[in-house]
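Topology and contacts: notes
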Amino acid sequence: MDAFDPRPEDKFSFGLWTVGNPGRDPFGGPVRPTQDACEIVRGLARCGAWGVNLHDEDLVPFGSSAAERDRIVGRFQRTLAETGLIVPMATTNLFSPPIFKDGAFTANDPRVRAFALRKTMDAIDLGVELGARIYVFWGGREGTEADACRDPQEALKRFREALDFLCAYVLDQGYDLRFALEAKPNEPRCDMYLPTTGHMLHFIETLEHSTMVGVNPEVAHETMAGLSFTHGVAQAMEAGKLFHIDLNGQRIGRYDQDLRFGSEDLKQAFLLVRLLEGTAGTEAYGGPRHFDAHAYRSEDVEGVWDFARGCMRTYNILRARARCFDADPEVVELRAGRSEPEIDALLGGGYGAEKAAALRELECDVDAIAARGLRYERLDQVMMEHLMGVRA
Ligand code: GLT
Ligand code: MN
Ligand code: MN
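The shown structure was predicted, so the numbers you read here are calculated from the model rather than taken from an experiment. (Residues numbered from 1 in each chain as written. Chains lettered and ligands numbered in written order. Predicted model: local features only at pLDDT ≥ 70, side-chain atom pairs only at ≥ 80, totals over all residues. Heavy atoms only, no water.)

**Considerations on the state of the cysteines**
- Going through the model one piece at a time under the given rule, you end up with zero disulfides.
- Of all cysteine sulfurs in the structure, the one in Cys 47 sits closest to Cys 38, which takes part in no disulfide; the separation is 16 Å.
- Taking relative accessible area as the criterion, Cys 38 reaches 2% and is therefore assigned buried. (Disulfide = S-S within 2.5 Å. Buried < 20%, exposed > 50% of the residue type's maximum accessible area, 1.4 Å probe, protein only.)

Structure below.
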């Protein structure tokens, strides 16, 4: 046990599908036994996690009878009570059952769309019964290969209709639940609708109950699109829409790798943790730190727990490094903005005719300003030295 081992107040959570991943990939079958959901909860509790998340089918197999469902849920709830773990988030599997091969909420067949709504209402009931306060929507099959099969505008309308319906369902039931939309650019579909967090943020504003809907950005998904994950998360935070987050590791230009947090993209992971923790003086993110990742296919079950501990320890180590970095007097000096209250007053607070005139009068030595070095090389090197552990 050391200062970086996870504690409940760190709010670390894992999906049943993450540590329960048996190592299947498109080229080979499972390499590890399927672990029972209650065993996974016990394992997570031993590792120091705080929460466990699930799809409906991770716990209750597709097609179970009502009696079977209640028996499974009862046993799971007893294990939660025994271990003290909670279920912060739940979601629906709208991608594995073959009926969703053309999408779920955006499918062309209205019976598929109806079935998707019905399945999601049942899964919402299950999530709420287990105590979930966040409900994730990842549109795994909402996309195309043959794009002529539907007008993409129609797909957006259908997706909106489904979310409006489900928000109203939650309100009608009196549930205390918020939705978090998760974007992904491709995989398993060639092109998925609403491919990035930015697309999602705009789409949310077009919903009937937009205040109860936010985003669940995933490191791997934004990185696959070649984008800065930290910038996407910052936009969500600034909009008050970061309801949940999927942490993992990923390299640009690859398939969705879902690797151990920080294992491939340490500088980005550092910047992300710094942002989430608000060590630079901004408001911290208060929600779950969820790892949507899985262990290498080389691992047995013991290796899966090494993986889980690794995700959480890396997060905590990066938080400690970020605090040191932002408290470093050299960093404070290098980051100090040049405040000029008179100019700031002109720039803030909106347009005014007098301000416009004053801006035109402002003395601006363009050559002198352009000639000034900004010392970002030094700032970045100091950051790297903190990250590499040679500056305390
Ligand atoms: C699936 C996907 C993830 C989503 C999960 C929630 S399922 O593992 O790859 O990114 O977050 O549906
Ligand atoms: Mn995810
Ligand atoms: Mn992923």
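**Remarks on the pattern of salt bridges**
- Evaluation of the coordinates by the stated rule reveals 29 salt bridges.
- Residue Arg 71 is joined to Glu 68 by a salt bridge in which the shortest nitrogen-to-oxygen separation is 3.4 Å. Note that Arg 71 and Glu 68 are positioned in helix H4 (residues 66–83) at a spacing of three residues, about one turn of the helix.
- According to the relative accessible area criterion, Arg 71 is partly exposed, its value standing at 48%. (Salt bridge = Lys/Arg side-chain N within 4 Å of Asp/Glu carboxyl O. Helix = DSSP H or I, 4+ residues; strand = E, 2+ residues; numbered from the N terminus.)

**Side note on the coordination of the manganese ion (ligand 3)**
- Around the manganese ion (ligand 3), the donor atoms from the protein are Glu 218 (OE), His 221 (NE2), Asp 256 (OD), Asp 256 (OD) and Asp 258 (OD), and they sit 1.9 to 2.6 Å away.
- Between the manganese ion (ligand 3) and the manganese ion (ligand 2) the interatomic distance comes to 4.7 Å, and Glu 218 is a ligand of both metals. Placement of the pair is His 221 in helix H8 (residues 219–224) and Asp 258 in the loop between strand S9 (246–247) and helix H10 (266–277), with a sequence separation of 37 residues.
- Owing to a relative accessible area of 2%, His 221 belongs among the buried residues under this scheme. (Donors = N, O, S within 2.8 Å, 3.2 Å for Na, K, Ca; no water.)

**Describing the environment of Thr 92**
- Tracing the sequence through the fold places Thr 92 in the loop between strand S3 (89–91) and helix H5 (110–129).
- Beyond its immediate stretch of four places on either side in the chain, Thr 92 contacts His 55, Asp 56, Lys 119, Thr 120, Ala 123, Tyr 135 and Val 136.
- For Thr 92, the side chain forms a polar contact with the side chain of Tyr 135, separated by 2.6 Å. (Contact = heavy atoms within 4.5 Å. Polar contact = N/O pair within 3.5 Å; in protein donor to acceptor, adjacent residues only side chain to side chain.)

**Some remarks on the nonpolar core**
- In this structure, Phe 14, Phe 76, Phe 179 and Phe 261 are the most contacted members of the largest nonpolar core, which totals 92 residues.
- At 10 residues, the largest contribution of residues to this core is made by helix H11 (residues 301–327).
- Excluding residues within four positions of it along the chain, Phe 261 makes contact with Leu 247, Asn 248, Gly 249, Ala 269, Leu 272, Val 273, Phe 291, Cys 311, Thr 314, Tyr 315 and Leu 318.
- Counting five residues, the second largest nonpolar core, distinct from the first, contains Met 89, Val 136, Ala 180 and Phe 243. (Core = buried A, V, L, I, M, F, W, Y, C linked by side-chain atoms within 4.5 Å.)

**Here's the deal with the packing of helix H9 (residues 229–238) against H10**
- Where H9 meets H10, the closest approach of the two axes is 9 Å, and the angle between their N-to-C directions is 15°. One finds that H9 runs roughly parallel with respect to H10. Note on packing geometry: the crossing formed by H9 with H10 is right-handed. Listed contacts from H10 to Phe 229, Thr 230, Val 233, Ala 234 and Met 237 of H9 are Gln 268, Leu 271, Leu 272, Leu 275 and Leu 276.
- For the contact of H9 with H10, the per-class residue count stands at eight nonpolar, two polar and no charged. (Axes fitted to C-alpha atoms, helices over the stretch in contact; angles between N-to-C directions. Parallel < 35°, antiparallel > 145°, perpendicular 65-115°, else oblique. Left-handed = near helix turned anticlockwise from the far one by under 90°. Nonpolar A, V, L, I, M, F, W, Y, C, P; charged D, E, K, R; others polar.)

**Considering the packing of H4 against H5**
- Where H4 meets H5, the axes come as close as 11 Å, and the angle between the chain directions of the two elements is 30°. Classified by the interaxial angle, the pair formed by H4 and H5 is roughly parallel. For the crossing formed where H4 meets H5, the hand is right-handed. Packed against H4, whose contacting residues are Arg 69, Val 73 and Gln 77, the element H5 presents Asp 125, Leu 126 and Glu 129 at the interface.
- Of the residues belonging to the contact of H4 with H5, the class tally is two nonpolar, one polar and three charged.

**Some details on unusual backbone geometry**
- Cis geometry is found at the peptide bond from Glu 187 to Pro 188, where omega equals 10°.
- In this fold, Pro 188 is placed in the loop between strand S6 (178–182) and strand S7 (191–192).
- One non-glycine residue, Glu 187, adopts positive backbone phi at about 75°.
- A positive phi is found at Asp 258, a non-glycine position, where the angle reads about 50°.

So, to be careful, I would describe these as geometric facts and stop short of saying anything about function.
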